2 protein chains.
Amino acid sequence: MPIYQAPVRNVQFLLQEVLGFQAYAQLPGFAEATPDLIEAILTECGRICEEVLQPLNVSGDREGCKRQSDGSVTTPKGFKQAYDAYAEGGWIGLAAPVEYGGQGLPYTLAAAINEFVTSANMSFSLYPGLTRGAQAALMVHANEAQKALYMPKLVSGEWSGTMNLTEPHCGTDLGLIKTRAARNADGSFAITGQKIFISAGEHDLTSNIIHLVLARIEGAPAGTKGISLFIVPKFLPDAQGNAGVRNALSCGSIEHKMGIHGNSTCVMNYDGATGFLMGEENRGLNAMFVMMNEARLGVAVQGLSMSEVAYQNAAAYARDRLQGRALSGAKEAGKPADPIIVHPDVRRMLLEMRAFNEAARGLILEAALQADVVARANDEKAREEAEDMLGLLTPVLKGVLTDVGFDNTVKAQQVFGGHGYVGEWGMEQFVRDARIAMIYEGANGIQALDLVGRKLPKDNGRAVMAYFKKVGEAVQHTESNADLASLAKGVKSGLDHLQKATMWLMQNALAKPDNAGAASNDYMHLFGLVAMGHMWLVMAQAALRCKAQDPSTAAEMDAKLILARFYMERMMPETGARLARLSAGADAIMALPADAF
Amino acid sequence: MPIYQAPVRNVQFLLQEVLGFQAYAQLPGFAEATPDLIEAILTECGRICEEVLQPLNVSGDREGCKRQSDGSVTTPKGFKQAYDAYAEGGWIGLAAPVEYGGQGLPYTLAAAINEFVTSANMSFSLYPGLTRGAQAALMVHANEAQKALYMPKLVSGEWSGTMNLTEPHCGTDLGLIKTRAARNADGSFAITGQKIFISAGEHDLTSNIIHLVLARIEGAPAGTKGISLFIVPKFLPDAQGNAGVRNALSCGSIEHKMGIHGNSTCVMNYDGATGFLMGEENRGLNAMFVMMNEARLGVAVQGLSMSEVAYQNAAAYARDRLQGRALSGAKEAGKPADPIIVHPDVRRMLLEMRAFNEAARGLILEAALQADVVARANDEKAREEAEDMLGLLTPVLKGVLTDVGFDNTVKAQQVFGGHGYVGEWGMEQFVRDARIAMIYEGANGIQALDLVGRKLPKDNGRAVMAYFKKVGEAVQHTESNADLASLAKGVKSGLDHLQKATMWLMQNALAKPDNAGAASNDYMHLFGLVAMGHMWLVMAQAALRCKAQDPSTAAEMDAKLILARFYMERMMPETGARLARLSAGADAIMALPADAF
C-alpha cells in the first residue's frame, strides 16, 4: 500500500522564508493566519489526509463508483464517512467568506491543503474541489438572493457543486453548445440537453447537488455570445431553502475512465430541468471563466500532488529495495545487495521529481498569494500587478505542472521496476489518475495557446515585462552572492532564451498566427523552466539565510542547495532546445496535407 | 473502437529503397524473399492483424485473463481461435529453421510482422513472442535431442514457451535467485521455488507450455556464477514426444496489472518440478542472455508498435473531430467548426509521432538485418561488424523506442482530449499497454548502463567508432546534395554532441563510475536522437531518388521530405541539452544522503 506524509514543513518554509507570507498581513484574513495557526491547520489537515483519505485511495480505485438502476450513484466504501469528517472539519469553507459560514482564511492556505488532499486521494479531492469552484462562480456572478440560498450549504459541504460544460460534440469549442434553455412563466428556465464528463455529477455524499450548466436561451445569438449560465439544483430548494422537489435531471451513465475511478464522472441528462439564470443572459462563458481560472490553478496543484506522493513512495522504495551493487563498490556489504538508491540513475529520477515538487509548490503558493491580493487588496495598483502575474502564470502552471507531474508519476513507477506495473504498490494508479490533469479544464495545448495568444500580448506585454524584470533581478541578486553565484548562470541563460522566444513571437506570430500555435507548447515549457529556475534561486537564497540563522537546519537547507544545483545542471539546459524548436516556425508543421497524415 | 492498418508500404520502402534488402540475397533464406513474396507476406499478415487480432484488443483488455480455481488460466474470448489461426498460418515459425518445420525466412521479416501483430494486439503478441524467444535459446544452448524434442512443436505453435527469471526479491540482480534445483537419479533435476511476472506462464492456447527456468543447483557457487537454465515443461513429454504427465508446477495467481490484461502474467510455483538442464551447469545466465537480446529487440518493436497504432487513431480523429477554427481563418466555413488537424499544436503532436515511427521502423529493420547477418553470414568480418552494430544498437533501441513510444501513446491520447481518457476510443489502453515495455527485459535504466558500461568500451570502442564513421559519411553525402543539404546540419551537430559525450565518458567515467551512471540515460537518448536523425537522412536520400525515378510517388515522397525536415527542426535540438546535462557529472546527484530523500 502506498504511503503519504503531508509536506507541512516545506509549505511553512515556502510561506514564511521564501514568499514573505507575513508581509501580506494587511489583507483580510491574513492577520489571523499566524505561523502557529498555519502550522496547526496544515498539521491537522495533513493528519486527516494521511489517516482518513489516503487509506481509501487504492480501495476507491478498485471499487470505483457504481450507478444503480434508479440512476443514483454509489461512491466507494468509506468515501461518505470521510467526506462527512472532512466537511465537519470546516475544510471546504477554509477560505470562504465568513458571512456564509466560511473561515475567511487566505486562499493560499486552501491551495496548500488542496495539495495534501489531492496527494492523499485525488478522486476524493474532486468532490470538495468542484464545490469550491461553484462557490467562486456564485460569489462573482450570482445575485444576493442566490448567494444567500446556496452559499452556506456549499460552504458547509452539506451540498456540493459541479460544472457542466462539455457535450458529446463540443469540449474546447463551447460555441457549439446545444443544450437549450426555454423561458418558464415564473422567470426560471427549462433546461434540456446532454452533458458529458461531469465530475461529481451524481453521488451519495451530499443531500443536494448544485449543477452550474451552460446552455443556450431560445433565440440567443449563435456561437459563444449566446451562451448563458444556469443554476440547476438536483433538488429544488423549498421555501425554507432546504432540498425539496426532485428536478428533471439524471445521471445517464458513468464514464469508464483510465483513472480517478473513485470520482463519479457522469453523463448528465437534463430533461426540461428547472434552472435559474446566474449573471447576465448570453454572458455565461464569462461567468464560467471565473470558475475555470480557479479550477486551472486547482488542476495545476493536481500535477504537483501526484508528483509528490509518487516521489515519496519511490524514494522509500529506493531506500529499501536491495538489488545489485553500487558502481563505485558495495555500500552495504553485509546485506545481499545494496539499496537501489545507490545508483545514480535512480537518484536522477528521484531528484528530477523532488526538484520539481519543491519549485512547483513554491510557484503554486506564489500564484495563490497573487489570487489573494486580487481578491482582497484595497490598493488598486497592487491588485493590477497581482492580476497580471496570476493571469500570466495560470496557464503556465496548469500546462507545465500537469505535464511534468504526470511524467514524474511515470518516473516514480519506473523506480519500482515490474512492481510499479502491478497494482500492489499503487504506483500505476498514480499514473492513471495524474493523466487526466493534462486534459481537463482546458487541455494543455489550450493553456499554451492562452499563454502565447492572450496573456503575452495583453496590455502590450505589461505582465510578461514585469515578470522578466523580476527574474532578472533575482539573477542579479544571486550573482552578487559568492556562495550562490554559480546557480545564477542557468537562469540567466534561460531568461535570455525566454526573452528571445518572446521576441520571436512578437516578430513572427502577428503576421502568421500559425507560428504562434506551432511555438506555443515549447514556449509554455520554456516559461515553466525559467519560472521554476527562478523559484530555485529564491529558495536557495532563503536556505542560505536560514542555515546561517539557525545551524540546526543545516542538513535540511543543504539539501535545498543541492536540489537547486541539480535543477540548474540538469533541468535548465532544456531551455536552449525549446528556443531552437520554436524558432523553427510553423512551415514544416503546416506543410503536410491533412490527408497525408 | 480503435482502427489499425498495417504499414506494409512503409516497410517495403525501407527494405527495398533504404536498407538495400536485396543486397543480402547471398544469405540463407534471403534469395527466396523477393519483393513480391515480401509484399505477399506483409499483406497477408497485415490482414490477419487488422481483421482477426485487432478486433480482440479492446475486448481482451476488458475481459482479461482469469485464473480458475483449479489453477488453469482462461484467456479472453476469441484468443484461442485467433491463436490457432495465427499458428496455422505458419507465422510463429516464419524465420525458424526449415529442419524444425519453420519457413527459414529472414528474421528481418519476422521483426516486420512482429510490429504489425503488436500494434493490433500487444497482449496477444506476447504469447507467440515468448515462444520465439524460447526457440532462440534452444537453438543456441540446447543439445540435439532437446532441440529435436521441443523445437518442432514450438515452431508450429502447438506448444508455447516462457522465460522464468524474476523472483519476488530479485529482478535486475539475478545473482540473488533462490529457486533451487536438486539432482534426480535419472539426471534430471527437481526444481523448487517461486517466479513472478511470468508472461504467458499459464493459459489455454496451447496443449503444453515449455518453461525456461533459472535456478541454482545445490552446491553451486553464490551469485550469478551459480545459476543454471532448465527446461521445465508443464506436461513432461512422453516417449513419443507428446505432452504426457503433468509436472509439479502451477500458476499461483495472476498479477493485476496496469495493462496488457489479455496476457496472463503469472506467479509460477515450482514444487519439485522435473526440469532438464539446458547448456552447461552454472552458465544459465549466459544462455538466458541469448534469449534476452532477441527479446530486447522484440520489446523495442513494442514501443514502435504502440506509437504507430496510437498515431493512426489520433490522425484519424484529428481529421474528423470538428472543434474551433484555424488560427489563420476558417478552413471549412461550411461546417460548424474546422477539423482539429488545422491546429499547429495538434499537427506537432502527430508529426512527432509520425517522424518517430518511420525512423524507428527503419532502425528496427536495420538492426534485424544485422541480426540476420550475425546468424547467417559466412563471412567472419561481416558477422563481426554486424554483431558490433547489433550489440551497440540493441540497448539504444530498447530504451529509446519504448520511452518515446510510450510518450507518443500519451500524445495520441492528448489529441482526443477527454475522449482519450475514457475507454470508448481505446486510447488509454494503448498508454497502459505501452508502459510495460519500458520496464521488462531490463528496465530502461539497465539498457542505458549496458550501453555506457559495456557496449561503448567493448573492443576499445570499435563498434561506436564504426557507427560514428557511418553517420559522418551520411552527413557528408547529404551535404553534397543541394536539395538535401539543409537537413544535414542537425545530424552533424547531433553527431558532434554525441562524440563529445562519448569523449566525456571516456575521460570521466573510468575513474569515477558514478559519472557513467549519472550520464547513462542522457547518453542513451542522445544516441537515439542521432540514430533516428541518421535514419532520416538516409530515408530522405531514398525519397528524393524514388521521386525522380517515379513521379507518381511524388506526394508520398514529399511527405517523407517534410517529415525529415520536421525531425531536424524539432527533434534534433534536444541533443545539445542532453550533452549539457550529462556533462554536469554525478556530483550533485550523489551529494544528497539517502535518508534526505
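Since the structure is predicted, the reported quantities are computational estimates derived from the model, not experimental observations.

Peer 1: Any details on the overall build of chain A? Residues and values, ideally.
Peer 2: Looking only at helices and strands, chain A features 19 helices and eleven strands. Taking 597 residues into account, the globule formula puts the C-alpha radius of gyration at 25 Å, and chain A, at 24 Å, falls close to it. Along the three orthogonal principal directions, the C-alpha set of chain A runs to about 80 × 60 × 60 Å. Taken over 597 residues, chain A has a buried fraction of 64%.

Peer 1: Can you explain the relation of the copies chain A and chain B? Please cite residues and give values.
Peer 2: With an RMSD of 0.0 Å, the fit of chain A onto chain B corresponds to turning through 180° and sliding 0.0 Å along the axis. Considering both components of the superposition, the chain copies are consistent with a two-fold axis. Considering only C-alpha atoms, the part of chain A nearest the rotation axis is A:Ala577, at 3.1 Å. When the interface residues of chain A are mapped onto chain B, 100% of them again lie at the interface, so the same face is used by both copies.

Peer 1: An account of the interface of chain A and chain B is requested, with residue identities and associated values reported.
Peer 2: The interface of chain A with chain B comprises 91 residues on the first partner and 91 residues on the second. Each partner contributes to the roughly 7600 Å² buried at the junction of chain A and chain B, and carbon and sulfur atoms together form 61% of this total. Looking at the side of chain A facing chain B, the largest losses of area belong to A:Tyr421, A:Arg570 and A:Phe597, adding up to 12% of the total buried there. Counting every contact that joins chain A to chain B gives four salt bridges. A salt bridge links A:Arg581 to B:Glu352; the shortest N-O distance between them is 2.9 Å. Between the two partners, chain A and chain B, sit 46 residue pairs in polar contact (both at pLDDT 80 or more).

Peer 1: Any chance you could break down the packing of helix H9 (residues 344-376) of chain B against helix H16 (residues 513-549) of chain B for me, citing the residues and the numbers?
Peer 2: All names here are of chain B. For the pair H9 and H16, interaxial distance at closest approach is 9 Å and the crossing angle is 90°. Viewed along their axes, H9 and H16 adopt a mutual orientation that is roughly perpendicular. Mapping the contact onto sequence places Ala355, Phe356, Glu358, Ala359, Ala360, Gly362, Leu363 and Glu366 in H9 and Ala531, Met532, Met535, Trp536 and Met539 in H16. Here the contact of H9 with H16 is composed, by residue class, of ten nonpolar, one polar and two charged.

Peer 1: Could you give an account of the confidence of the model for chain A, naming the residues involved and the relevant values?
Peer 2: Of the residues in chain A, 100% reach a pLDDT of 70 or more, and the chain-wide mean stands at 96. What the predictor reports for the complex is a pTM of 0.98 with an ipTM of 0.97.

Peer 1: So what about the side chain of B:Thr478? Which residues, and what values?
Peer 2: Residue and element names in this part refer to chain B. Relative to the assigned elements, threonine 478 resides in helix H14 (residues 462-479). The class of threonine 478 is buried, set by a relative accessible area of 1%. Among the polar contacts listed, one links the side chain of threonine 478 to the backbone oxygen of alanine 474, at a separation of 2.5 Å. Those residues in contact with threonine 478, other than ones at most four positions away along the chain, are Leu484, Ala485, Ala488, Leu537 and Gln541.

Peer 1: How would you explain the domain arrangement of chain A if you had to name every residue and give the values?
Peer 2: For chain A, the assigned domains are domain 1 (54-89 + 121-282) and domain 2 (463-591). Centre-to-centre separation of domain 1 of chain A and domain 2 of chain A, based on C-alpha positions: 40 Å.

Peer 1: Run through the pairing of strand S6 (residues 208-217) of chain B, naming residues and quoting values.
Peer 2: Residues and elements named next belong to chain B. The element S6 is largely enclosed, with a buried count of ten among its ten residues. Alignment of strand S3 (residues 159-164) against S6, held across six bridges, turns out to be parallel. What sits directly across from methionine 163, in S6, is leucine 212. Here six bridges tie S6 to strand S7 (residues 228-233), and the two strands are oriented antiparallel to one another.

Peer 1: Residue-level account of a nonpolar patch on the surface, with values.
Peer 2: Residue and element names in this part refer to chain A. Judged by side-chain polarity, Met465, Met503 and Met506 come together as a nonpolar surface patch covering roughly 310 Å² of accessible area. Topologically, methionine 503 is positioned in helix H15 (residues 485-508). With relative accessibility at 43%, the residue methionine 503 sits in the partly exposed group.

Peer 1: Just give me the short version of the pattern of salt bridges, but keep the residues and values in it.
Peer 2: Considering all chains together, one arrives at 80 salt bridges over all chains under this definition. A salt bridge links A:Arg432 to A:Asp61; the nearest nitrogen and oxygen atoms lie 2.8 Å apart. You can see A:Arg432 sitting in helix H12 (residues 427-435) and its partner A:Asp61 sitting in helix H3 (residues 57-63), a full 371 residues away along the chain. An identical accessibility class is assigned to A:Arg432 and A:Asp61; each is buried. Across the pair B:Lys411 and B:Glu352 runs a salt bridge, and its minimum N-O distance is 2.7 Å. With B:Lys411 in helix H10 (residues 380-415) and B:Glu352 in helix H9, this pair connects stretches of sequence that are 59 residues apart. One network of salt bridges, with partners in common, ties together A:Asp345, A:Arg348, A:Glu352, A:Lys411, A:Arg570, B:Asp522, B:Glu574, B:Arg578 and B:Arg581.

Peer 1: Kindly report on the packing of helix H16 (residues 513-549) of chain A against helix H17 (residues 554-571) of chain A, identifying the contributing residues and their values.
Peer 2: Residue and element names in this part refer to chain A. Between H16 and H17, the shortest axis-to-axis distance is 9 Å and the interhelical angle comes to 155°. It follows that H16 is roughly antiparallel to H17 by the angle criterion. As H16 packs across H17, the resulting crossing turns out to be left-handed. Contacts between H16 and H17 pair Gly528, Leu529, Met532, Gly533, Trp536, Leu537, Ala540, Ala543, Leu544, Cys546 and Lys547 from the former with Ala554, Met557, Asp558, Lys560, Leu561, Leu563, Ala564, Tyr567, Met568 and Met571 from the latter. In terms of residue class, the contact of H16 with H17 is made up of 16 nonpolar, two polar and three charged.

Peer 1: So what about the nonpolar core? Which residues, and what values?
Peer 2: Counting residues in hydrophobic clusters, the biggest one holds 424 residues, and the most contacted among them are A:Leu350, A:Tyr523, B:Leu350 and B:Tyr523. In this structure A:Tyr523 touches A:Leu451, A:Val452, A:Leu456, A:Val464, A:Phe468, A:Leu498, A:Ala501, A:Thr502, A:Leu505 and A:Leu582, once residues within four positions along its chain are discounted.

Peer 1: So, the packing of aromatic side chains: which residues are in play, and what are the values?
Peer 2: One pass over the full model with this rule turns up 25 aromatic pairs over all chains. Judged by centre distance (5.7 Å) and plane angle (85°), the ring pair of B:Tyr86 and B:Phe124 falls under edge-to-face. Of this pair, B:Tyr86 sits in helix H4 (residues 79-88) while B:Phe124 sits in helix H6 (residues 122-141), placing them 38 residues apart in sequence. Both residues of the pair, B:Tyr86 and B:Phe124, count as buried. Ring pairing ties together the aromatic residues A:Phe79, A:Tyr83, A:Tyr86 and A:Phe124, which thus form one cluster.

Peer 1: Explain the pairing of strand S6 (residues 208-217) of chain A residue by residue, including any values.
Peer 2: Pairing of strand S4 (residues 180-183) of chain A with S6(A) involves two bridges; the strand directions are parallel. Residue pairing across strands places A:Arg180 opposite A:Arg216, the latter belonging to S6(A).

Peer 1: Tell me about the environment of A:Leu19, and name the residues and values.
Peer 2: Residue and element names in this part refer to chain A. Mapped onto the elements of the fold, leucine 19 is located in the loop between helix H1 (8-18) and helix H2 (35-53). Sequence-wise, leucine 19 and lysine 470 are 451 residues apart; in three dimensions their C-alpha atoms are separated by 14 Å. Beyond its immediate sequence surroundings of up to four residues, leucine 19 is in contact with Leu14, Tyr24, Gly362, Leu365, Glu366, Leu369 and Met535.

Peer 1: If you had to explain the environment of A:Lys560 to someone new, which residues and values would you point to?
Peer 2: Residues and elements named next belong to chain A. Mapped onto the elements, lysine 560 comes out in helix H17. For lysine 560, a relative accessible area of 5% puts it in the buried group. Remark: the alpha-carbon pair of lysine 560 and aspartate 84, spanning 476 residues in sequence, is separated by 38 Å. Leave out the neighbours within four places in its chain, and lysine 560 touches Asn10, Phe13, Glu358, Trp536 and Ala543.

Cut-offs and rules
- Residues numbered from 1 in each chain as written.
- Chains lettered and ligands numbered in written order.
- Predicted model: local features only at pLDDT ≥ 70, side-chain atom pairs only at ≥ 80, totals over all residues.
- Heavy atoms only, no water.
- Helix = DSSP H or I, 4+ residues; strand = E, 2+ residues; numbered from the N terminus.
- Rg over C-alpha atoms; globule rule 2.2 N^0.38 Å.
- Buried < 20%, exposed > 50% of the residue type's maximum accessible area, 1.4 Å probe, protein only.
- Least-squares fit on C-alpha atoms with pLDDT ≥ 70 in both.
- Contact = heavy atoms within 4.5 Å.
- Buried area = accessible area lost by both parts, 1.4 Å probe.
- Salt bridge = Lys/Arg side-chain N within 4 Å of Asp/Glu carboxyl O.
- Polar contact = N/O pair within 3.5 Å; in protein donor to acceptor, adjacent residues only side chain to side chain.
- Axes fitted to C-alpha atoms, helices over the stretch in contact; angles between N-to-C directions.
- Parallel < 35°, antiparallel > 145°, perpendicular 65-115°, else oblique.
- Nonpolar A, V, L, I, M, F, W, Y, C, P; charged D, E, K, R; others polar.
- pLDDT = per-residue confidence, 0-100.
- Domains from an automatic or database assignment.
- Pairing = 2+ DSSP bridges.
- Patch = residues over 30% accessible without salt bridge, like charges linked within 9 Å, V, L, I, M, F, W, Y side chains within 5 Å.
- Areas by Shrake-Rupley, 256 points an atom, 1.4 Å probe, with all protein chains shown as cover.
- Left-handed = near helix turned anticlockwise from the far one by under 90°.
- Core = buried A, V, L, I, M, F, W, Y, C linked by side-chain atoms within 4.5 Å.
- Phe/Tyr/Trp six-rings, centres within 6.5 Å; stacked < 30°, edge-to-face > 60°.

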